[in-house]
Amino acid sequence: MEPFSTAAEIADAIAQGRTSAAVVTEAALARIEKQDGVLNAFTTVTAERARAKARAIDAARAAGQPLGPLAGVPFAVKNLFDVAGIPTRAGSKINRDRAPAAADAPLIERLEGAGAVLLGALNMGEYAYDFTGENVHDGPSRNPHDTGRMTGGSSGGSGGAVAGGLVPIALGSDTNGSIRVPSSFCGLVGLKPTYGRLTRARTFPFVASLDHLGPLARSTRDLALAYDAMQGPDAEDPVCTTRAPEPVLPSLGAGIGGLRIAVAGGYFERGAGAEALPALATVAKALGADERIEIPEAARARAAAFVITTSEGGALHLDRLRTRAQDFDPATRDRLISGAMIPGALVVKAQKFRRWYREQVLKLFERYDAILAPATPMTAPKLGQQTMMLEGGEVPLRANIGIYTQPISFIGLPVACVPVPLRPLPMGVQIIAAPWREDIALRIAHYLEVQQVVKAPRPPL
Amino acid sequence: MSEIDDQALDAYIRATAAALGIPLDEAWMPAIRANLAASLKIAGAVAEFELADDAEPAPVFEA
């Protein structure tokens, strides 16, 4: 297998006996050894565990036992997932002092149940309050397409590891954009499922009202394979849906016939850099989507998401702010302290607005099956970059990275983020569907991939 | 919502930090003040939106 083989190709090759899980795992570990010094995607490599799992997969195959759909496929997880035996770091220095996790997070258990092989834990922005993938304690994740540039965050290592061909599948989290931003900057397909679709049990949280977990990959089929393996109720997570799994793989190749697809205008056209709207237009044209619609009060939705985020984030970390404030990234600390100080009445109002906004947006989904929007205003910025150029002049960069993602995750809509392979850097587009309709978002994404309109570009490594 | 001046914001920050038990390093004050001022300005967009008294919050509790 070559480094950029997909999960589907790897699983097939192993099932057919053309290679073994042990060989695939060793090759991935060797690539990590060789390239992660630069990419800095991994914070822990679980080599012995991976080798043991790979041996078990190969033994199962030799014994004629049935193999799962991801048998032998390497994957890695953002370091806010519990991995047995490792303190759950969540991108922080403080969490390194936690007791090692007693057990894997259920999403890891489910991927391993499908035969996948965990290679390790991935770098992230501190406590997920980040859109850059930079980290003061663990160093920045570097973008494989240009290692002087950000991966985006907060699932920075997830983006870097997959885009860099270290693993075909990674798990990340997304509260206001943390799967979709690295997907856009690193040129990947990413899925932020419906809020409550995937169990959040045994992961370190950020904002209970808004946290989602999901996969990043280089192909829509891989995304679907991972997502389907992870679905299902979980009594351990009160937010996790009790809906039975709704596999998306069977309808992945159904095409776009009969689907009504619109383009989000207004707010989603403002503040765009040079690449965002052309990438969106390319996708819209390929889908024959020529109707422009307005998502009402999207700017206010972003504001409300911000209020809820900063308040719940501050509340979560209150004890740590009291006792170990000096051990935070100063930038995170100051935002969390100020977040803890937001007057409660404003947070209550934000949650009430959220119900209103949800009702308005769901009306749009009576007329349309999917809505397109840019993923990020800009392609991957340089590491350390603080501002960007727009038509009106120079604007702060970091505050604006999530402007297109936030109003969507605010009400938990499922989003497939797809990479338009612009040069020199890729640009993501959001395919937004109604709640519980990940099948539609992924079906559209797959169509675009087959048409070669979207593609995870290879990095110059 | 009207803007608060720096002095009032600092007093608010100090009082709230005391109420929450967060030890404040004076060196952090400019950044906390800037973050809070920006957050309150953003929150203004939420505060000014008119909703009926019986508007329900998004999260629903089940006994």
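Predicted model, so just to flag it, every value in this text is computed and none were measured.

Caption draft 1: Quick peek at the packing of aromatic side chains. Counted according to the given criterion, the structure contains 11 aromatic pairs over all chains. Relative to Phe 268 of chain A, the ring of Tyr 267 of chain A has its centre 5.0 Å away and its plane inclined at 80°; by these criteria the two rings are edge-to-face. With respect to burial, Tyr 267 of chain A and Phe 268 of chain A carry one shared label: buried. Taking the centre distance of 5.7 Å and the plane angle of 25° together, the rings of Phe 353 of chain A and Trp 356 of chain A count as stacked. In this pair, Phe 353 of chain A and Trp 356 of chain A both sit in helix α12 (residues 344-367), three residues apart, roughly one turn of the helix. Since its relative accessible area comes to 26%, Trp 356 of chain A is described here as partly exposed. Chaining the aromatic ring pairs together yields one cluster made of Phe 353, Trp 356, Tyr 357 and Phe 410 of chain A together with Phe 49 of chain B. Sitting above the plane of the Tyr 129 of chain A ring, Arg 335 of chain A keeps its charged end 4.0 Å from the centroid.

Caption draft 2: Structural view of the interface of chain A and chain B. Taken residue by residue, the interface counts 28 residues in chain A and 31 residues in chain B. Summed over both partners, the interface of chain A with chain B buries about 2800 Å², with 73% contributed by carbon and sulfur atoms. For the pair chain A and chain B, the interface holds one salt bridge. For Arg 300 of chain A, the salt bridge is made with Glu 48 of chain B, and the minimal N-O distance between the two is 3.2 Å. Along the contact surface separating chain A from chain B lie 10 residue pairs in polar contact (both at pLDDT 80 or more). Taken together, the elements giving at least two residues each to the side of chain A that touches chain B come down to α9 (298-316), α10 (318-324), α11 (330-340) and α12 of chain A. For the side of chain A that touches chain B, the leading source of residues is α12 of chain A, giving nine residues. When its residues are assigned to classes, the side of chain A that touches chain B shows 16 nonpolar, two polar and 10 charged.

Caption draft 3: Up close: the environment of Ala 235 of chain A. Residue and element names in this part refer to chain A. In this structure, Ala 235 sits in the loop between α7 (220-230) and β9 (261-264). The exposure class of Ala 235 is exposed, given its relative accessible area of 84%. For the pair Ala 235 and Arg 367, spaced 132 residues apart in sequence, the C-alpha to C-alpha distance is 35 Å.

Caption draft 4: Inspection of the nonpolar core at higher detail. Residue and element names in this part refer to chain A. Counting 131 residues, the largest nonpolar core has Ile 295, Leu 372, Phe 410, Ile 431 and Ile 444 as the members making the most contacts within it. Ranked by residues supplied to this core, first place goes to α12 with eight residues. Not counting the four nearest positions on each side in its chain, Leu 372 is found in contact with Ile 261, Ala 262, Val 263, Ala 264, Leu 280, Val 283, Ala 284, Leu 287, Ala 289, Gln 430 and Ile 431.

Caption draft 5: Looking closely at the sheet that holds strand β1 (residues 42-45) of chain A. Residues and elements named next belong to chain A. Read across the open sheet, the 11 strands follow the order β1-β3-β2-β6-β8-β7-β14-β15-β11-β9-β10; overall the sheet is mixed. The sheet terminates laterally at β1 and β10 (291-293), the two strands that pair on one side only. In this sheet, adjacent strand axes meet at a mean angle of 30° when their direction is disregarded. Bridge count for β9 against strand β11 (residues 370-374) is three bridges, and the pairing is parallel. Across the sheet, Val 263 pairs through a bridge with Leu 372, a residue of β11. Those strands touched by α7 are β6 (169-174), β7 (189-192) and β8 (212-217), and its axis lies near 145° from that of β8.

Caption draft 6: Fine view of unusual backbone geometry. Residue and element names in this part refer to chain A. In this chain, Gly 153 is followed by Ser 154 through a cis amide linkage whose omega measures 10°. Summarising the element assignment, Ser 154 is placed in the loop between β5 (146-150) and α5 (156-163). Phi at Asn 40 takes a positive value of approximately 55°, unusual for a residue other than glycine. Considering the arrangement of structural elements, one finds Asn 40 in the loop between α2 (21-39) and β1. Even without a glycine there, the phi angle at Glu 297 is positive, about 60°. Locating Glu 297 in the fold gives a position in the loop between β10 and α9.

Caption draft 7: A look at the packing of α9 of chain A against α11 of chain A. Residues and elements named next belong to chain A. Closest axis-to-axis distance for the α9/α11 pair is 7 Å, and the angle between their directions is 100°. The angle between α9 and α11 falls in the class roughly perpendicular. Contacts between α9 and α11 involve Thr 310, Ser 311, Gly 313 and Gly 314 from the former and Arg 335, Leu 336, Gly 339 and Ala 340 from the latter. Across the contact of α9 with α11, the residue classes tally to two nonpolar, five polar and one charged.

Caption draft 8: Expanded view of the side chain of Asp 228 of chain A. Residues and elements named next belong to chain A. Tracing the backbone through its elements, the reader meets Asp 228 in helix α7. A polar side-chain atom of Asp 228 sits 2.8 Å from the main-chain amide nitrogen of Val 248. If sequence neighbours within four positions are ignored, Asp 228 has contacts with Glu 246, Pro 247, Val 248, Leu 249 and Pro 250.

Caption draft 9: Seen up close, empty space enclosed by the protein. Residues and elements named next belong to chain A. Summed over the entire model, instances satisfying the criterion amount to two cavities of 30 Å³ or more. In this structure, the largest cavity spans a volume of roughly 60 Å³. Residue lining of the largest cavity: Thr 43, Thr 44, Asn 79, Phe 81, Asp 82, Val 83, Ile 86, Pro 87, Thr 88, Arg 89 and Ala 121, and that is the complete set. For the lining of the largest cavity, the residue count by class is five nonpolar, four polar and two charged. In this model, the second largest cavity occupies a volume close to 30 Å³. In terms of lining residues, the second largest cavity is bounded by Pro 193, Thr 194, Gly 196, Arg 197, Leu 198, Arg 200, Asp 211, His 212 and Leu 213.

Reading the values: the criteria
- Residue numbering note: each chain is counted from 1, following its sequence as written.
- As a convention, the first chain written is A and the first ligand written is 1, with the rest following in written order.
- Whole-chain, interface and lining totals are the exception, using all residues; otherwise, since this is a predicted model, local features are given only for residues with pLDDT of at least 70 and side-chain atom pairs are given and counted only at 80 or more.
- The side-chain numbers reported here are obtained from all heavy atoms of the structure, hydrogens and water having been left aside.
- In summary, the pairing rule links any two rings of Phe, Tyr or Trp, Trp by its six-membered ring, whose centres are within 6.5 Å, and it sorts them by plane angle into stacked for under 30 degrees, edge-to-face for over 60 and tilted for everything else.
- For the exposure calls, accessible area comes from a 1.4 Å probe over protein chains only, and a residue counts as buried if that area is under 20% of its type's maximum, exposed if over 50%, partly exposed in between.
- Secondary structure elements follow DSSP: runs of H or I no shorter than four residues count as helices, runs of E no shorter than two count as strands, and numbering proceeds from the N terminus.
- A positively charged side chain is recorded as over a ring if its NZ (Lys) or CZ (Arg) lies within 6 Å of the ring centre. The angle to the ring normal must also be within 35 degrees.
- In what follows, residue pairs with any heavy atoms lying within 4.5 Å of each other are defined as contacts.
- Buried area counts how much accessible surface, traced with a 1.4 Å probe, disappears from two parts once they are put together, with both parts' losses summed.
- Salt bridges are defined as contacts in which a side-chain nitrogen from Lys or Arg sits within 4 Å of a carboxyl oxygen from Asp or Glu.
- Polar contact is defined as a pair of N or O atoms within 3.5 Å, subject to the rule that within protein one atom must be able to donate a hydrogen and the other to accept it, and that residues adjacent in sequence are counted only when both atoms are side-chain atoms.
- Residue classes follow a fixed rule: Ala, Val, Leu, Ile, Met, Phe, Trp, Tyr, Cys and Pro count as nonpolar, while Asp, Glu, Lys and Arg count as charged, and any other residue, Gly among them, counts as polar.
- Residues belong to a common nonpolar core when they are buried Ala, Val, Leu, Ile, Met, Phe, Trp, Tyr or Cys residues joined through side-chain atoms within 4.5 Å.
- In this analysis, strands are considered paired if DSSP registers two or more bridges between them.
- Helix axes use the C-alpha atoms of the stretch in contact, all axes being lines fitted to C-alpha atoms, and the angles between their N-to-C directions lie in the range 0 to 180 degrees.
- Relative orientations are named as follows: roughly parallel for angles under 35 degrees, roughly antiparallel for angles over 145 degrees, roughly perpendicular for angles from 65 to 115 degrees, and oblique for any other angle.
- Using a grid of 1 Å spacing that covers the protein atoms alone, one calls a set of points a cavity when a 1.4 Å probe fits there but cannot get out, and a pocket when the set is open and has protein on both sides within 12 Å along at least five of seven lines; lining residues are those with an atom within 4 Å of a point.
- Grid points are joined across faces, edges and corners, and a volume is the space filled by probe spheres set on the points.

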